[in-house]
Amino acid sequence: QVQLVESGGGLVQAGGSLRLSCAASGHTFSSYAMGWFRQAPGKEREFVAAISWSGGTIYYADSVKGRFTISRDNPKNTVSLQMNSLKPEDTAVYYCAVRMSVVVTTTPSQYDYWGQGTQVTVSS
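Since the structure is predicted, the reported quantities are computational estimates derived from the model, not experimental observations.

(A) View of the state of the cysteines. This model, assessed by the stated rule, comprises one disulfide. Through a disulfide, cysteine 22 is tied to cysteine 96; the S-S separation comes to 2.0 Å. Looking along the S-S bond of the cysteine 22-cysteine 96 disulfide, the torsion reads about -80°, which is the left-handed sense. You can see cysteine 22 sitting in strand β3 (residues 18-26) and its partner cysteine 96 sitting in strand β9 (residues 92-99), a full 74 residues away along the chain. Neither cysteine 22 nor cysteine 96 differs from the other in exposure class; each is buried.

(B) Quick look at the nonpolar core. Core analysis: the biggest nonpolar cluster contains 34 residues, and Met34, Trp36, Leu81, Met83 and Tyr94 have the highest contact counts within it. Elements with a minimum of two residues in this core: β1 (2-7), β3, β4 (33-39), β5 (46-51), β7 (68-73), β8 (78-83), β9 and β11 (118-123).

(C) Structural detail: the environment of glycine 117. Tracing the backbone through its elements, the reader meets glycine 117 in the loop between β10 (113-114) and β11. What makes glycine 117 partly exposed here is its relative accessible area of 26%. Measuring from C-alpha to C-alpha, the distance between glycine 117 and aspartate 90 comes to 14 Å, with 27 residues separating the pair along the chain. Here glycine 117 is in contact with Glu6, Val93, Tyr94 and Tyr95, once residues within four sequence places are set aside.

(D) The arrangement of the sheet that holds β3 in detail. Strand order in the open sheet made by the four strands is β1-β3-β8-β7, with antiparallel pairing throughout. Each of the sheet's edge strands pairs with one partner strand only, and the pair in question is β1 and β7. With direction set aside, neighbouring strand axes in the sheet form an average angle of 15°.

(E) Quick look at the pattern of salt bridges. This model, assessed by the stated rule, comprises four salt bridges. A salt bridge links glutamate 46 to arginine 38; the nearest nitrogen and oxygen atoms lie 2.7 Å apart. The class of arginine 38 is buried, set by a relative accessible area of 5%. Residue aspartate 62 is joined to lysine 65 by a salt bridge in which the shortest nitrogen-to-oxygen separation is 3.5 Å. The burial state of aspartate 62 is the same as that of lysine 65; both residues are exposed. Connected through salt bridges with shared partners, the residues Arg38, Glu46, Arg67 and Asp90 form a single ionic network.

(F) Structural detail: the side chain of aspartate 90. Summarising the element assignment, aspartate 90 is placed in the loop between β8 and β9. For aspartate 90, a relative accessible area of 1% puts it in the buried group. Side-chain polar atoms of aspartate 90 contact the side chain of arginine 67, separated by 2.8 Å. Apart from the residues within four sequence positions on either side, aspartate 90 is in contact with Arg38, Arg67, Phe68, Ser85, Val120 and Val122.

Reading the values: the criteria
Residues numbered from 1 in each chain as written. Predicted model: local features only at pLDDT ≥ 70, side-chain atom pairs only at ≥ 80, totals over all residues. Heavy atoms only, no water. Disulfide = S-S within 2.5 Å. Helix = DSSP H or I, 4+ residues; strand = E, 2+ residues; numbered from the N terminus. Buried < 20%, exposed > 50% of the residue type's maximum accessible area, 1.4 Å probe, protein only. Core = buried A, V, L, I, M, F, W, Y, C linked by side-chain atoms within 4.5 Å. Contact = heavy atoms within 4.5 Å. Pairing = 2+ DSSP bridges. Axes fitted to C-alpha atoms, helices over the stretch in contact; angles between N-to-C directions. Salt bridge = Lys/Arg side-chain N within 4 Å of Asp/Glu carboxyl O. Polar contact = N/O pair within 3.5 Å; in protein donor to acceptor, adjacent residues only side chain to side chain.

Interpretation in functional terms is not warranted from these geometric data alone.
Spelled out as structure tokens, the structure:
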């Protein structure tokens, strides 16, 4: 079992920044991929960013490319999402997820463990 705890969500003005962090604990293994997803009210959960164990493979959704940066700190089993130039349409619950594989994917069903989510609200 793997537990994931997100932190860093909150309320921010458009154009501002937030940094989300996710810590994994429990029965973890090396070489797992980590990702961020988000879900706004009335919408499907969508991919935001993902990163491989080594950091050599990184994917971003087109909607956040150039604004968001994903990184990880393997000794601490954490992944972060730096969000800059935030827009109201970024408002959503953001979820951290772990995929127990070296292969990075962008599909929610491919991930094995999920955090409880953290609310990000961007005001205009």
